[in-house]
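Observations on the three-dimensional arrangement
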Number of protein chains: 2
Amino acid sequence: MAAGALTAEEILAATEGVLRRYGPAKATVVDVARALGVSHGSVYRHFPTKAALRAAVTRRWLDRNHAGLAELAAEDSPAPERLRRWLAALFEAKRRKALDDPELFATYTVLAGESDTVVGEHIDALLGEIALIIADGVAQGAFAPCDPQVTARAVLDATGRFHNPLYAAEWSAPEIDTAFGAVCSLVLAGLRATG
Amino acid sequence: MAAGALTAEEILAATEGVLRRYGPAKATVVDVARALGVSHGSVYRHFPTKAALRAAVTRRWLDRNHAGLAELAAEDSPAPERLRRWLAALFEAKRRKALDDPELFATYTVLAGESDTVVGEHIDALLGEIALIIADGVAQGAFAPCDPQVTARAVLDATGRFHNPLYAAEWSAPEIDTAFGAVCSLVLAGLRATG
DNA sequence: GGACTGACAGATATTGAAACCTGTCAGTCC
DNA sequence: GGACTGACAGGTTTCAATATCTGTCAGTCC
């Protein structure tokens, strides 16, 4: 559709559009090719399988939504408030996506469920950022000594209700902010004095 | 099938059998009636709708699995270790169900997803037990002062990965016990010194 | 008289044939 | 020669006809 040769980038953009229009169940590789004005064989020159194409779209989406969080984690500020803002930012980003366009969010939730690998890498990135903040906090003396890796996992697990898409339906409930605040406080208090 | 008049109890037992054999998608009221040797009209004398029948089966199952937990919560022992044992018992009960008979567990997970009310009551019961332990802990001086209701919710939320059926697939992973221990320790440390 | 039956209407699920999709590859075109 | 096409085999999805199910109720039976 664009200038000369077909690029992976163009295919990904077209695939996003097709997914948006038809949903994850009905979007086909033929639809993507049609949107680009090429044969579907051309798409297979750039992506080995439909699953790989969908995984690539998922990775793009995850990366885009994740922008900004890494910077926040690396900020030079007291670890406790930094962790709280980081968790709040993660929750807020996901919640906005889920509430602004529920269908698109559902589409990407399905896609994410298809490729463990992509999701696993995303989670590893999040864990790394939490571990960074925790290590800083221990160095600052704000958190009790601990294994940052293991504790980062505990923090991510404990806040699952506020980032795991499985819970998206609960994110519009009025008491969700209270619940988020309570879990955050509990986790931060726990970090201050881990047993 | 049994002695004289058809009882709700017999219908529930027969329904469990039918669900076990055919799964949640294919089990019908006609199947239940056939298993009991009666017409399906008789079943509707005891339960107004199929949904109500399924909700009753779900409640029974939840209650049965919950047996023992309430006693544990009411025990006369230090709150921190009591809470840890209570959480471990909850996790262990769910995990055993999920691993012993995955199909049956999946069946009941589907059923639970159908009736918010029944699940809500079950969660309220769990929250009450946690709140009881927390209130005891505050009275004992082991936990920092807090609103037991709100904090109970935070504890249940924070440990969601270890009791919410949505996570059942992860319960056979080797590192799950480490993760459980880490979250428990974090939560208990948080209760000791809530901010 | 009250527990139960069985036939019924409308809604939902099953089935099998036809349409479509995925992934491949020999061949076309610059 | 490398990007692209288009026809193809095998597998999956769709669609409409058919069968089954849910929930009701007038009537049967002890």
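Residues numbered from 1 in each chain as written. Chains lettered and ligands numbered in written order. Predicted model: local features only at pLDDT ≥ 70, side-chain atom pairs only at ≥ 80, totals over all residues. Heavy atoms only, no water.

Going by what an unreviewed UniProt entry lists, chain A is known as TetR family transcriptional regulator and is assigned to Planomonospora parontospora.

1. Topic: the UniProt feature "DNA-binding region" (unreviewed entry) in chain A
Residues given the UniProt feature "DNA-binding region" (unreviewed entry) here are residues 28-47 of chain A. For residues 28-47 of chain A, helix accounts for 75% and strand for 0%, while the C-alpha atoms at its two ends are 14 Å apart. (UniProt positions renumbered as here; feature names shortened; annotations may be inferred. Helix = DSSP H or I, 4+ residues; strand = E, 2+ residues; numbered from the N terminus.)

2. Let's talk about the interface of chain A and chain B
Often the size quoted for an interface is simply the accessible area lost on bringing the parts together. With 25 residues of chain A at the contact, the number on the chain B side is 25 residues. Of the roughly 1,900 Å² buried between chain A and chain B on both sides combined, carbon and sulfur atoms contribute 68%. Together, D157, Y167 and L186 of chain A form the three largest contributors to the area buried by chain A at its contact with chain B, with a combined 29%. At the surface where chain A touches chain B, the tally comes to 2 salt bridges. A salt bridge links D157 of chain A to R161 of chain B; the nearest nitrogen and oxygen atoms lie 2.8 Å apart. If you look at where chain A meets chain B, you find 4 residue pairs in polar contact (both at pLDDT 80 or more). Those elements giving two or more residues to the side of chain A that touches chain B turn out to be α9 (148-158) and α10 (176-192) of chain A. It is α10 of chain A that provides the largest number of residues to the side of chain A that touches chain B, a total of 10 residues. Among the residues making up the side of chain A that touches chain B, the classes are represented as 15 nonpolar, 6 polar and 4 charged. (Contact = heavy atoms within 4.5 Å. Buried area = accessible area lost by both parts, 1.4 Å probe. Salt bridge = Lys/Arg side-chain N within 4 Å of Asp/Glu carboxyl O. Polar contact = N/O pair within 3.5 Å; in protein donor to acceptor, adjacent residues only side chain to side chain. Nonpolar A, V, L, I, M, F, W, Y, C, P; charged D, E, K, R; others polar.)

3. Regarding the relation of the copies chain A and chain B
Of the transformation placing chain A onto chain B, the axial shift is 0.0 Å and the rotation is 180°, giving an RMSD of 0.0 Å. What we have between these two chains is a two-fold relation. Interface overlap between copies is the fraction of interface residues in one copy that are interface residues in the other; for chain A against chain B it reaches 100%, indicating a shared surface. (Least-squares fit on C-alpha atoms with pLDDT ≥ 70 in both.)

4. Description of the protein's contact with DNA strand C
In the vicinity of DNA strand C there are 16 residues, among which Y44 and K50 of chain A together with L6, S39 and S42 of chain B approach most closely. Taking all atoms of DNA strand C within 4 Å of the protein, the share assigned to sugar and phosphate is 59%. One of the backbone nitrogen or oxygen atoms of L6 of chain B is found 2.9 Å away from a phosphate oxygen of DNA strand C. Contact between DNA strand C and S42 of chain B: a phosphate oxygen at 2.5 Å from a side-chain N or O atom of the residue. Every element with two or more residues in the surface near DNA strand C is listed here: α2 (29-36) and α3 (40-46) of chain A together with α3 (40-46) of chain B. Here the residues of the surface near DNA strand C sort into 6 nonpolar, 8 polar and 2 charged. (Near = heavy atom within 4 Å.)

5. Considerations on the protein's contact with DNA strand D
Looking at DNA strand D, there are 16 residues lining it, with L6, S39 and S42 of chain A together with Y44 and K50 of chain B nearest. Considering the 4 Å shell around the protein, atoms of DNA strand D inside it are sugar or phosphate in 61% of instances. Within the backbone of L6 of chain A, an N or O atom sits 2.9 Å from a phosphate oxygen of DNA strand D. H40 of chain B is positioned with one of its side-chain polar atoms (N or O) 3.0 Å from a base oxygen of DNA strand D. Only α3 of chain A together with α2 (29-36) and α3 of chain B provide two or more residues apiece to the surface near DNA strand D. Ranked by residues supplied to the surface near DNA strand D, first place goes to α3 of chain A with 5 residues. Looking at the surface near DNA strand D residue by residue, the classes come out as 6 nonpolar, 8 polar and 2 charged.

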